[in-house]
Amino acid sequence: MANEPEYDVVIVGGGAAGLAASIYAVRAMLKTLVIEKMAIGGQILYTGEIENYPGFPEPIGGPELAMLYQKQAERFGVEFKYDLIASLDVEGPVKNVIGHEGQYTAKTVIVASGGEHNKLGVPGEEEFSGRGVSYCATCDGNFFKDMDVTVVGGGDAAMDEGTYLTRMTKSVTVVHRRDELRASKILQQRAFANPKMEFIWDTAVEEIKGNGDVNGLVLKNLKTGEVSERPTEGVFIYIGFHPVNDYLRESLKIDAAGHVVSDLQMSTSVPGVFTAGDVRQHSDRQLANAVGDGVAAALAAYRYISAA
Ligand code: NAP
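Not measured: the values here are computed from a predicted model.

Rules and cut-offs
Residues numbered from 1 in each chain as written. Predicted model: local features only at pLDDT ≥ 70, side-chain atom pairs only at ≥ 80, totals over all residues. Heavy atoms only, no water. Helix = DSSP H or I, 4+ residues; strand = E, 2+ residues; numbered from the N terminus. Rg over C-alpha atoms; globule rule 2.2 N^0.38 Å. Buried < 20%, exposed > 50% of the residue type's maximum accessible area, 1.4 Å probe, protein only. Contact = heavy atoms within 4.5 Å. Areas by Shrake-Rupley, 256 points an atom, 1.4 Å probe, with all protein chains shown as cover. Lys, Arg positive; Asp, Glu negative; His and termini not counted. Charge placed at Lys NZ, Arg CZ, Asp CG, Glu CD. Pairing = 2+ DSSP bridges. Near = heavy atom within 4 Å. Polar contact = N/O pair within 3.5 Å; in protein donor to acceptor, adjacent residues only side chain to side chain. Nonpolar A, V, L, I, M, F, W, Y, C, P; charged D, E, K, R; others polar. Axes fitted to C-alpha atoms, helices over the stretch in contact; angles between N-to-C directions. Parallel < 35°, antiparallel > 145°, perpendicular 65-115°, else oblique. Left-handed = near helix turned anticlockwise from the far one by under 90°.

Novice: Help me understand the overall build of the protein chain, please; the structure alone is not making it clear to me.
Specialist: Looking only at helices and strands, the protein chain has six helices and 19 strands in total. The C-alpha atoms of the protein chain give a radius of gyration of 21 Å, which matches the 19 Å a tight globule of 308 residues would have. Counting only C-alpha atoms, the protein chain reaches 70 × 40 × 35 Å along its principal axes. The proportion of buried residues among the 308 residues of the protein chain is 51%. Here the contacts in the protein chain between residues at least 6 apart in sequence split such that 59% fall between residues at least 24 apart. Summed over all atoms, the accessible surface of the protein chain reaches about 14900 Å², with 50% contributed by carbon and sulfur. With 28 positive and 41 negative side-chain charges, the protein chain shows a spacing of 3 Å between the two charge centroids.

Novice: What am I meant to see in the pairing of strand 7 (residues 95–99) here?
Specialist: Residues in a regular strand point their side chains to alternate faces of the sheet. Counting buried residues along strand 7, four of its five residues qualify, which places the element largely inside the surrounding structure. Taken together, the four bridges between strand 6 (residues 85–89) and strand 7 define a ladder with antiparallel strand orientation. Looking at the pairing, S87 lines up with I98 of strand 7. If you look at the hairpin formed by strand 7 and strand 8 (residues 103–111), you'll find three residues sitting between the two strands.

Novice: Is there a simple way to explain the site of the ligand in this structure?
Specialist: Contacts to the ligand come from 20 residues, most closely from N52, D156, D160, R178 and R182. For the ligand, an oxygen atom lies 2.6 Å from a polar atom in the side chain of R178. Looking at the shell around the ligand element by element, the count peaks at three residues for helix 4 (residues 156–165). By residue class, the composition of the shell around the ligand is six nonpolar, seven polar and seven charged.

Novice: Would you take a moment to explain the sheet that holds strand 12 (residues 171–175) for this structure?
Specialist: As a general point, the strands of a sheet are linked pairwise by backbone hydrogen bonds and lie either parallel or antiparallel. Read from one edge of the open sheet, five strands run 10-17-11-12-13, paired in parallel fashion. The sheet is open, and its two borders are formed by strand 10 (133–134) and strand 13 (197–200), each paired with just one other strand. Here helix 4 sits on the sheet in contact with strand 11 (148–152), strand 12, strand 13 and strand 17 (234–237), set at roughly 170° to strand 11.

Novice: Help me understand the packing of helix 1 (residues 16–27) against helix 2 (residues 62–76), please; the structure alone is not making it clear to me.
Specialist: When two helices pack together, you describe them by how their axes are tilted relative to each other and by the distance separating the axes. At a minimum axis separation of 9 Å, helix 1 and helix 2 run at an interaxial angle of 20°. Here helix 2 runs roughly parallel to helix 1, going by the angle between their axes. Regarding helix 1 and helix 2, the two cross each other, and that crossing is left-handed. Taking contact as the criterion, the partners of A16, L19, S22, I23, V26 and R27 in helix 1 are, on helix 2, Y69, Q72, A73 and F76. Along the lines of polarity and charge, the residues of the contact of helix 1 with helix 2 split into seven nonpolar, two polar and one charged.

Novice: What's the story with the side chain of T163 in this structure? I'm lost.
Specialist: The topology assignment puts T163 in helix 4. Ignoring any residue separated from it by four or fewer positions in sequence, one finds T163 in contact with R190, A191, N194 and M197.

Keep in mind that these numbers describe shape and distance, not what the molecule does.
Next up, the structure:
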């Protein structure tokens, strides 16, 4: 039939939420497509080691876990496509997911596009991106062997990745805008106990300087107003992230922070469209939550299709 959609479920986003949803959807005998813009795995690809995911008493590397998710999904017959989604046309019974490379039709859509790292927005950040400025210790850490690097931020990501960087670098200086960390206590304790880590408090990065590659920072003490320069060979920026929602703003209800509004069954403002993971309102932004959301969204999609 001309109007018959190609898939039962199209999942936008190949991170933990999307992959978990895909495994549950395909095992419910739903024809399932995952569309990912860059690399399967999402945020966990940027995580050196994961040690709070139940079932793994020893830490597991983020990229390694991502590979396992993908392998499991493929084993059950999930299809994957690489495309950047531009918009959704989801009001009718046949949902149309419109990408730059193609259009994908489905009975249901699961929006699991996650989040992206925030940028500092200071001079030098763009210019030296990939030449000393990084948002991914796992990807780039090895370029900084025996060097002095800086981590910006005071959350879990900054502490986790800062600690990871001490394995290969000479030193890691954390620059944080307040005088206490936001990170969980266990990560704080580990960072404070690490002899290679030091902390600069109440301080903002005003500029990233370099000559070809990064060679220093202009720092401002936010309490005294004092401005100083400090040499560094790399800057890893971990100052939170924002939901990826540009393609869905016109179609789904989002909250003030840009997260997709949903209920506990992962239903969005549009019937047949579900959400999961970091893009969702009230997400705890933890791996296990993303997986749980994905499962709930797949089950909701299954119920929606069965009831039609
Ligand atoms: P986050 O928890 O939002 O922390 C962001 C940090 O960056 C905060 O310390 C914040 O300072 C600082 N910051 C924000 N904007 C800034 C700016 N413009 N200039 C300078 N500093 C700025 O983000 P995250 O660390 O990326 O973590 C995000 C989520 O992922 C969290 O829910 C976290 O628990 C989770 N996560 C968990 C783990 C883990 O469990 N091992 C690892 C990574 C991430 P203030 O403190 O002053 O606001």
